[in-house]
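A closer look at the structure
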Amino acid sequence: MKRLIFFAFLATMTIQMKAITPWTKGGFETDKYRNVFVDFGYEPTQVDAKLKEVFNDVFRGPNKVYFEVGDSMGYISDIKNHDARTEGMSYGMMIAVQMNEKDIFDRIWRWSKKYMQHQSGPREGYFAWSCKTDGTRNAEGAASDGELYFITALIFASNRWGNDTGINYKAEAQHILNCIMPRDFKEERQMRQFPGMPQPSGKIFLIDPETQLITFTPDGFGQRFTDPSYHIPAFYEVWAKWADDGRSDYWLACAAKSREYLHKAINEQTGLNPDMSQYDGSLMEGFGGRRNGGANFRYDSWRVPMNIALDYEWSCADGEWQRQYGEKIQNFFYSQGINDYVDQYRVDGTLPEDNEILPAGGFRKLRHSIGLVSTLAAASVMCSHDKSKEFVDALWNAKHEPFADGYFDAYYDGLLRLFAFMHLSGNYRVIK
């Protein structure tokens, strides 16, 4: 009996030791990725089966958000909003290339290019951020995170499958990269003016030329500020290594600036970040400020822990700060109750007032959302404290199902859940 207890103790210590070993180099250098689930005691076959199950939930199950159109196209739909968004389409492509699902990747790209991408005019190369599922555009303007993911996914597709199977992935990525550089642009409508915010320049760009930070939207209005959840510095390193667009040094500088920005945008006490911020990391006033909750931690903000975990896994260029950040944000949510924390807060950790709560699916309500459960679990990749296993277990055991009042988000919650399982199983990788 004593021997059994001793071996059980050794097993527990082994799991903890694996979890607390910090990384000094990322996947760009090592080609190694941690399977956190296995480190925490889950069986490899169990993990593989769970990842496949979660993938099928998104792409093939009864609550899927992926739909095929004819013989060659497909789209990802935000079901509750009855549209297809560049966010989901580009996420779908990234997931497909990571999981070696070439048919899914090609179908989503063809739909995106046909219906979303501007082929001429002042927005050439950019993508309309929202379309009806029949391809009709709901808006002409872009949301910058879509372009960010489209470019990176296309480069990975080029690396994985080559460029002679019907789609020249690298050429498509290079075209977008050329189009996102600053060029003259006349805004179709008069922009609202907000005190303390730079005014439109008459140029359109994805990356602000002065700060080298990604814009909220590449147009006269949204390129005056940014969104912390759009900052994935390691993506720029991918561009620098494999885009072959002659801008490697520029993209590496953008990666460094993005990491510096995240230090400023994240609250030092709680680890929380706002949905939108000024380029210097300060909170927004007026539009996007306290009066409508844009200065709060909410839906977009959930992605930041997972994005920083990705930069840690792939690059580890800011590893010490990232490990501290991972534990800080997990500590905050742990203090709220591992099964009780809600999905929107002010960045100081207090709860928002009712008028600050961002509604979704017809509900204005704070919830314990599986999308946030997922990204906080993904942050465990960076963490050394014992709490990280509780966040991983919470994700493993969470059921993606409707709430008691009927609210269910197959799209955003589902995609973040899948990304988290990819991270924690070691299946979100740099594709060389």
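The structure we're discussing is the one just above.
So, here's what we can say about the structure. Worth saying up front: this structure is predicted, and the values here are computed from it rather than measured. (Residues numbered from 1 in each chain as written. Predicted model: local features only at pLDDT ≥ 70, side-chain atom pairs only at ≥ 80, totals over all residues. Heavy atoms only, no water.)

For the rest of this paragraph, the subject is the packing of aromatic side chains. Pairs of aromatic rings are described using the distance from one ring centre to the other and the angle between the two planes. Scanning the model with the defined rule gives 45 aromatic pairs in all. Where Phe403 meets Tyr407, the ring centres are 6.1 Å apart and the plane angle is 40°; that geometry is what we call tilted. Accessibility expressed as a relative area gives 28% for Phe403, which makes it partly exposed. The buried category is assigned to Tyr407, whose relative accessible area is 7%. An aromatic cluster is defined as three or more aromatic residues linked by ring pairs; in this entry it consists of Phe28, Tyr91, Tyr149, Phe156, Phe235, Trp242, Trp314, Phe419 and Tyr428. Here the basic side chain of Lys50 rests over the ring of Trp396, its NZ or CZ set 5.3 Å away from the ring centre. The ring of Tyr334 is capped by Lys387, whose NZ or CZ atom sits 5.5 Å from the centre of that ring. (Phe/Tyr/Trp six-rings, centres within 6.5 Å; stacked < 30°, edge-to-face > 60°. Buried < 20%, exposed > 50% of the residue type's maximum accessible area, 1.4 Å probe, protein only. Lys NZ or Arg CZ within 6 Å of the ring centre and 35° of its normal.)

The residue Gln174 is located in helix 8 (residues 169–179) in this model. Separated by 23 residues in sequence, Gln174 and Ile151 have C-alpha atoms that sit 7.9 Å apart. Ignoring any residue separated from it by four or fewer positions in sequence, one finds Gln174 in contact with Ala243 and Asp244. (Helix = DSSP H or I, 4+ residues; strand = E, 2+ residues; numbered from the N terminus. Contact = heavy atoms within 4.5 Å.)

Here the focus is empty space enclosed by the protein. Taken as a whole and judged by the stated rule, the model has two cavities of 30 Å³ or more. As a volume, the largest cavity reaches approximately 80 Å³. Every residue lining the largest cavity is listed: Tyr91, Tyr149, Ile232, Arg303, Met306, Asn307, Leu310, Leu416, Phe419, His423 and Tyr428. Where the lining of the largest cavity is concerned, the elements lending two or more residues are helix 11 (303–314) and helix 15 (412–424). Taken together, the residues that form the lining of the largest cavity break down as eight nonpolar, two polar and one charged. Taken as a whole, the second largest cavity holds about 40 Å³ of empty space. If you go around the second largest cavity, the residues you meet are Pro233, Arg259, Leu262, Asn307, Ile308, Asp311, Asp318, Trp321 and Gln322. Split by residue class, the lining of the second largest cavity holds four nonpolar, two polar and three charged. (1 Å grid on protein atoms, 1.4 Å probe; cavity = no way out; pocket = protein on both sides within 12 Å on 5 of 7 lines; lining within 4 Å. Points joined across faces, edges and corners; volume = space filled by probe spheres on them. Nonpolar A, V, L, I, M, F, W, Y, C, P; charged D, E, K, R; others polar.)

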